[in-house]
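Structural characterization, general
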Amino acid sequence: MELDGRALAERIRAREAPRLEALRRQGIHPSLLSIEVGENPSSESYLRGQRRGAEAWGIEYRMQRLPASSTEDDVRDALAEAAADARVTGILLQCPLPSGLSARALQHEIPPHKDVEGVHPENLGTVVHGRPRLAPCTAMAVMELVASSGLALQGCEAVVVGHSEIVGKPVALLLLAQDATTTVCHKFTKDLASHTRRADLLVVAVGKARLVTADMVKPGAVVVDVGINAVRDPKDPAKTVIVGDVDTAALLAKGCAVSPVPGGVGPVTVAMLLRNTLVAAERAYSDPEAETPPLFPDL
Ligand code: NAD
């Protein structure tokens, strides 16, 4: 079975629509500002998704492109301006940044209540505490896809391959918060297959095409493929196609539930960004210390 991310993103939009309506009734208009430094081809599809998604949800969206030659201070100034602008309720700094600019240092400049990508240490801290406010969008997208599969997480064997700060680590923390028995693997893990074969839930976030083959996965496992890799198109070697980190067709043939690439994690990540934009707008006009309702009430 395929875990259809596009259909799920649409369901999330419908689920969240009343929140946007409630904000509008109070005269609050969520507005997302996406700042890109230079032009990075690998960001194109995410930026396109943001714009289309915001249009479909009815959220105001603006893209600000700074020159590739910008210094860290230039980016800091742009972030400070957006932070002070009451009309901007959510800020996103598009990564990767040109070399020489520290993403981590600059992301800390975004006020936590406008940090719609959930990358500020204060927001990451709420993930550690198991009470996420604005959590990293891709990690939340993984959790939404898992929920859509119907897998019960309590006590299940979950294996996460990849330990980056925006995907692998927060996914592991969110899984632990749901009481899954969680193992994290990475590039120094010995005998990766011995871990992945045990998994009822396998999340792969590496960036290596076909890293996970059918012999590495238990029949019937739920597999969420986060990877994005441009590889030569087998039908036309002059072109490239986008694939994930797992051998999707072989895993589907083994009875696994797999999120496809494209059309899996990507669209749900955009939906989570827009959901975070609503949460940020709500918080901007309410008690900033108030608890946000649980992210995954159905689990
Ligand atoms: P990253 O480069 O920061 O981290 C890669 C991780 O993979 C590291 O933890 C590393 O230790 C691990 N790794 C590398 N080689 C390995 C190996 N042979 N075996 C096991 N682990 C190995 O990457 P990231 O930012 O976490 O992104 C991972 C992938 O997910 C990339 O392809 C990226 O494009 C994609 N991604 C997709 C979305 C989306 O919305 N669909 C969002 C973010 C990232």
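Before going into details, it helps to say that this report is about the structure given with it. Keep in mind it's a predicted model, so treat the numbers as computed, not measured.

1. Details of the site of the ligand
In the region of the ligand, 20 residues are neighbours, and His163, Ser164, Lys187, Gly207 and Ile228 sit closest. Take Lys187: an N or O atom from its main chain is 3.0 Å from an oxygen atom of the ligand. One nitrogen or oxygen atom from the main chain of Ile228 is found 3.0 Å from an oxygen atom belonging to the ligand. Contact with the protein chains removes 72% of the 860 Å² of surface that the ligand exposes when unbound. In the shell around the ligand, the residues fall into nine nonpolar, nine polar and two charged.

2. As for the sheet that holds strand β10 (residues 257-258)
Across the sheet, which stays open at both edges, the five strands sit in the order β5-β4-β6-β7-β10 with parallel pairing between neighbours. If you trace the sheet from one side to the other, it starts and ends with β5 (181-185) and β10, each paired once. Along the sheet face, helix α6 (residues 137-149) touches β6 (201-204) and β7 (222-225) and points at about 155° away from the line of β7. Sitting on the sheet, helix α7 (residues 168-177) is in contact with β4 (157-161), β5 and β6, with an inclination near 170° to β4.

3. Section: the packing of helix α1 (residues 5-25) against helix α10 (residues 265-284)
Taken N-terminus to C-terminus, the directions of α1 and α10 make an angle of 10°; their axes are 9 Å apart at the nearest point. It follows that α1 is roughly parallel to α10 by the angle criterion. Touching Gly5, Arg6, Leu8, Ala9, Ile12, Arg15, Glu16, Arg19, Leu20 and Leu23 of α1 are Pro267, Val268, Ala271, Met272, Arg275, Leu278, Val279, Ala281 and Glu282, all from α10. In terms of residue class, the contact of α1 with α10 is built from twelve nonpolar, one polar and six charged.

4. A word on the pairing of β7
By the alternation rule, side chains of β7 split into Val222 and Val224 and Val223 and Asp225, which are all buried. Where β6 and β7 come together, four bridges link them in parallel fashion. Residue pairing for β7: Leu202 is matched across the bridge by Val223. Where β7 lies against β10, two bridges are found, and the strand directions are parallel. Residue pairing in the sheet places Val222 in a bridge with Ala257 of β10.

Calculation rules
Residues numbered from 1 in each chain as written. Predicted model: local features only at pLDDT ≥ 70, side-chain atom pairs only at ≥ 80, totals over all residues. Heavy atoms only, no water. Near = heavy atom within 4 Å. Polar contact = N/O pair within 3.5 Å; in protein donor to acceptor, adjacent residues only side chain to side chain. Areas by Shrake-Rupley, 256 points an atom, 1.4 Å probe, with all protein chains shown as cover. Nonpolar A, V, L, I, M, F, W, Y, C, P; charged D, E, K, R; others polar. Pairing = 2+ DSSP bridges. Helix = DSSP H or I, 4+ residues; strand = E, 2+ residues; numbered from the N terminus. Contact = heavy atoms within 4.5 Å. Axes fitted to C-alpha atoms, helices over the stretch in contact; angles between N-to-C directions. Parallel < 35°, antiparallel > 145°, perpendicular 65-115°, else oblique. Buried < 20%, exposed > 50% of the residue type's maximum accessible area, 1.4 Å probe, protein only.

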